[in-house]
Amino acid sequence: MTHSFPWLSALIVLPLAGAVAVFLVKETGVRLTALGVALADLLLSLPLWWLFDASSGQMQFWEQAVWITTPPIHYRLGVDGISLPLVLMTTALTPLCILISWESIATRIRTFMATLLIMEGAMIGVFTALDFVLFYVFWEAMLIPMYLLIGVWGGPDRLYAAMKFFLYTLAGSVLLLVAILVLYFQGGQTFDILQLSQGTYPKPLQMWLFLAFFAAFAVKVPMFPLHTWLPDAHVEAPTAGSVILASLLLKMGAYGFLRFSLPMLPDASRAFTPLMVTLSVVAIIYGAYMALAQADLKKLIAYSSVSHMGFVTLGLFAFNIQGIEGAVMQMVNHGITTGGLFLCVGVIYERTHSRQIADNVGLTKPMPCYATLLVIFALSSLGLPGTNSFVGEFMVLAGTFLWSKSAAALASLGIILAAAYLLWMVQRVAFGLPSPQFLPKLRDVNQREMVALVPLVVLIFWIGLFPNHLLARMHASVDKVLARTSSSFPVPAQTESRLDPLTPLVRDTGPATEQVGRP
Amino acid sequence: MTFASGDLLLVLPELLVITAACVVLALDPVLHPSQKDGLAWLSLGTLAVCMGLIASQMSHAALAFGGLVVIDAYGCFWKLLLCFVSGLTVLLSYSYLKEERLYFGEYYGFVLLALSGMMVMVSSADLLTIYLGTELMSLSLYVMAGLKRADPRSLEASAKYFVLGAFSSGILLYGISLLYGATGSTRLPAIAAAIAGNSLGDPLLLFATIMLAVGFSFKLAVVPFHMWTPDVYQGAPTSVTAFMAVASKAASFGAFLRVFIEGLGGLKADWSAIFLLLCIATLVLGNVVALVQTNIKRMLAYSSIAHAGYALLGVVAAGRLGESSASGIASVLLYLSLYAFMTFGAFAIVAMLRKGSIEGEEIEDFTGLAKRHPIAALLMMLFMVSLAGIPPTAGFIGKFYVFLSAVEAGMTWLAVLALIFAAISAYYYLRLVMVMYMREPGEVTATSPRLVMSPTLSIVLACAVAGVVIFGFYPNPLVNLATQAVLTLK
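Before going into details, it helps to say that this report is about the structure given with it. (Residues numbered from 1 in each chain as written. Chains lettered and ligands numbered in written order. Predicted model: local features only at pLDDT ≥ 70, side-chain atom pairs only at ≥ 80, totals over all residues.)

Considering the overall build of chain A
Definition in use: Only runs of H or I of at least four residues qualify as helices and only runs of E of at least two qualify as strands under DSSP, and these elements are numbered from the N terminus. The exposure label follows from counting other C-beta atoms within 10 Å of a residue's C-beta, where the C-beta atoms are placed from the backbone and the thresholds are 20 or more for buried and 12 or fewer for exposed, leaving partly exposed in between. C-beta atoms are placed from the backbone for every residue, and two residues are taken to be in contact when these atoms lie within 7 Å.
Counting its secondary structure elements, chain A contains 21 helices and two strands. Its C-alpha atoms give chain A principal-axis dimensions of roughly 70 × 55 × 40 Å. Within the span of chain A, comprising 519 residues, buried residues form 61% of the whole. Pairs at least 24 residues apart make up 80% of the contacts formed inside chain A by residues separated by at least 6 positions.

Have a look at this one:
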């Protein structure tokens, strides 16, 4: 699967070059340059969608070059059906982040745009790297730009939040580094991810390695006891930072579980499944419960992220095709929907300079378009049929149901709670009477903000109504992961009945939400 | 012992440096103050020629003066690094000394004298010659630490350094004499042969090993023999601190590895246990105490202690690996050469902030540096990130190789411990980034004179940042060089 054009390298290098370029152009042209680079990267990434061979579970757009000779470390890139959607999501969301920061970021605009573009390059690197050291370099290279993004352009408590974010994630990833080194010696002196995924390792070693991987990936996801950095970081980060954190950075953790933990350590993954499922279910319910109590919009969405990411890890550890495909779907869906919600909060924060729900009430009259968009994102987030999240959550629950009925039942509680906190939020923000002091400031979304938000709405319905475009591309790759992991698990018959049996689960929230959905 | 004139050719680099030192010292009183800049250029020129000569000796393998001096790739690797760092020191001092109003021509003479001592240390196969080199280096450094004669802290640093340094030299010498008693020689190959013949484990031998370990630990600033480091690093002129933190540490590691691998290689199991304890103590204390420092030079002092701990990790791994110890030793060489770039760069920025009334030594003085001098702040951030070991910088590559050999030696737990402390260290490195980027310049700093990056300082910073970035992205040439160099160490 070699292509003559180095697609993936180009995707990584372009934003990095753009990060340099923003320092060379005139101050007034910085925003346009950054946007141009991000859009060019998006255009460059789109052909991958069609050139990708959906029938193959192999790595495609393969590139390889020697990087370091002793020990053998390679510059090795490739995408499969799991990483392709994530790469595209990265290139799609970065231009939106730049658009939404157009006016809200006034200081050190060059550095800001440069950090955004560096992060884009590093994230594409994370999702495409096929050498463990290269992966780790990209994984860690994310940290400093994100630290600066929160710390320089963040809210009043930004120093604390930035340091907390940094130390949490760094502490997790150093254990990952040790695990990588141990695997190097156990797996035949190689850092090749594909080769390491073929190896078999003794079970006690797998258990230790799983814990080390867990430390790195669970912090990023974030899974239940390790999630405390997330609300702080989200609340303090500027809008673009929140979007990148929620939509892309959290996916790195889930991606890590799927790409490394499951195929490399199948025995340990199976052994830890009860723990992982428990933590996921706790995260789903606890996150939703916490979201109910929040008065700050960003905090509410941050806790809803904890809950939604619980579905992702739940699906991954269901060990069947529905669960894992649902998890990947949910990764994409959460990126789109939560990204949209954070963008919405950013829009209103630019006007009222408050993220408190109490300050931002009754927006339907003064800002009809805004309220419509907000409601669409909220409905997508709570999994209304017809939107993207419905498909993902449905598949995850169907997969979990096959593994454990009680876990599925508990997890579906999370959906009900999600309906509760999101609809309550929508009820307060969209309806009611706006407070007179903010009324003059409540301009409806302008064209620039419209351009940033509408693509996400299109994606929500496109994935919600035609999920097969996405599913068809990840099928073969997920099968390949499953072949490694579920040798002792029955692989249930797949696909046909996938969308039928779970509709009742969501129905109880359905009618109510549909009413609200009509602006 | 026979004396062959060919031997002089082999030690030409050392001779050149010593000659240049003497010329500088002799010219200093004669020259008019305005002409004294020439001394710096003379020193630089000598160093450049030296580096060329040493590079040409890289592939040699020769003994000189009846085995007292070895010319091999291992020694040449260190000598190249030391000459390079000395060159950076001269460049850094050029503008810094003027800022401090220290117009001593002999300063450059002392740099060169210290360098010649270091060069002898790393290219000698005889304990007494190594001792001689160590003393030449230390004596020059004692004087240099006290060059700010009007500043009591500088004098205190010098006195403290001298007393503790002399003490440690005594212990080193004691170890050498005991070793001579046990093996009948001061030559490393002869000692190795004697140890190989005596498999029973002579307690005298063990005691001598401990003494040598303690003596070298003082020079390496390894816990618990690190007490002098923070005070001396803080009190000495910043350019001297940079020189000590990088060059003297590198030279000490060079000599130390040669003694313990070539001479005491038969006792690997014993000494790796000693250094294992020292390594853990160093990592813990260096990183934890650095957390609470408010003075940047003290913080960098503790950071340099901690980094000696990471390098020791490679030494311990080499000891544990036994026959296949090359990768462990190579990781130490690599670590110290990468450490040189980032630490020197950091100290260069500290020296740059020394302006008029502002000391530039408190971490608070860095407040809002990103606004006042964006380039300096960016560079300092790079050095801090690299010191914290975060990719893609040189610091990560150094740590990667050290940890790789630790895991290879089966000490995964130690790698985990060291990495956890690396994560802790990120806190104090990033605190500086926070101060520079996330706080507004205060009243004092906002009204301070504009910061200027002099041309010589720019060259220093360019070299340092090039090392940090280039070797961060593409360390292959340096890795290969270090691997080659280690092969000559038997």
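Brief notes about the interface of chain A and chain B
In many analyses, interface size is given as the accessible surface area lost on bringing the parts together. So the rule is basically this: Under the convention adopted here, Pro, Cys and the residues Ala, Val, Leu, Ile, Met, Phe, Trp and Tyr are nonpolar, Asp, Glu, Lys and Arg are charged, and Gly plus all remaining residues are polar.
Each partner contributes to the interface: chain A provides 28 residues, whereas chain B provides 26 residues. If you list the elements that add at least two residues to the side of chain A that touches chain B, you get α5 (132-141), α6 (143-153) and α7 (158-186) of chain A. Examining the composition of the side of chain A that touches chain B, we find that 14 residues originate from one element, α7 of chain A, more than from any other. The residue inventory of the side of chain A that touches chain B, partitioned by class, reads 23 nonpolar, three polar and two charged.

Focus: helix α9 (residues 203-220) of chain B
An α-helical turn contains 3.6 residues, so a residue and the one three or four places further along point in the same direction. All names here are of chain B. In plain terms, the rule: For a helix, the expected span equals 1.5 Å multiplied by the number of residues minus one.
When the terminal C-alpha atoms of α9 are compared, their 25 Å separation across 18 residues agrees well with the 26 Å that a helix rising 1.5 Å per residue should span. On its buried side, α9 packs onto α6 (127-145), α7 (152-183), α8 (188-197), α11 (238-263), α12 (268-290) and α13 (296-321). Looking one or two residues beyond α9, the residue adopting positive phi is Ala221, at roughly 60°.

With respect to the packing of helix α4 (residues 73-99) of chain B against helix α20 (residues 455-473) of chain B
Residues and elements named next belong to chain B. To keep it simple, the criterion reads: Note on definitions: angles span 0 to 180 degrees between N-to-C directions of axes, and those axes are lines fitted to C-alpha atoms, for helices only across the stretch in contact. Crossing handedness is read from the near helix: turned anticlockwise from the far helix by less than a right angle, it gives a left-handed crossing, and turned clockwise, a right-handed one.
Relative orientation of the contacting elements α4 and α20 amounts to 145°, with a least axis distance of 8 Å. Judged by the twist between their axes, the crossing of α4 over α20 is left-handed. Contacts between α4 and α20 involve Leu88, Leu91, Leu92, Tyr94 and Ser95 from the former and Thr456, Leu457, Ile459, Val460 and Cys463 from the latter.

Some remarks on the packing of helix α16 (residues 388-403) of chain A against helix α17 (residues 405-430) of chain A
All names here are of chain A. Cut-off, in case you're wondering: Just so you know how the angles are binned, under 35 degrees is roughly parallel, over 145 roughly antiparallel, 65 to 115 roughly perpendicular, and the rest oblique.
Viewed as axis vectors pointing N to C, α16 and α17 meet at an angle of 155°, and their least axial separation amounts to 6 Å. Taken together, the axes of α16 and α17 are roughly antiparallel relative to one another. Here α16 contributes Glu393, Leu397, Thr400, Phe401 and Trp403 to the contact with α17, which in turn contributes Lys405, Ala407, Ala408, Ala411, Ser412 and Ile415. The class makeup of the residues in the contact of α16 with α17 is seven nonpolar, two polar and two charged.

Re the pairing of strand β2 (residues 73-79) of chain A
Residues and elements named next belong to chain A. Applicable threshold: Pairing between strands is defined by DSSP: at least two bridges between them are needed.
When you tally the buried positions in β2, you get six out of seven residues, the bulk of the element. Two elements, strand β1 (residues 60-68) and β2, share six bridges in a ladder whose sense is antiparallel. Opposite Gln64, over in β2, you have Arg76 as the bridge partner. Counting the residues in the hairpin turn of β1 and β2 gives four residues.

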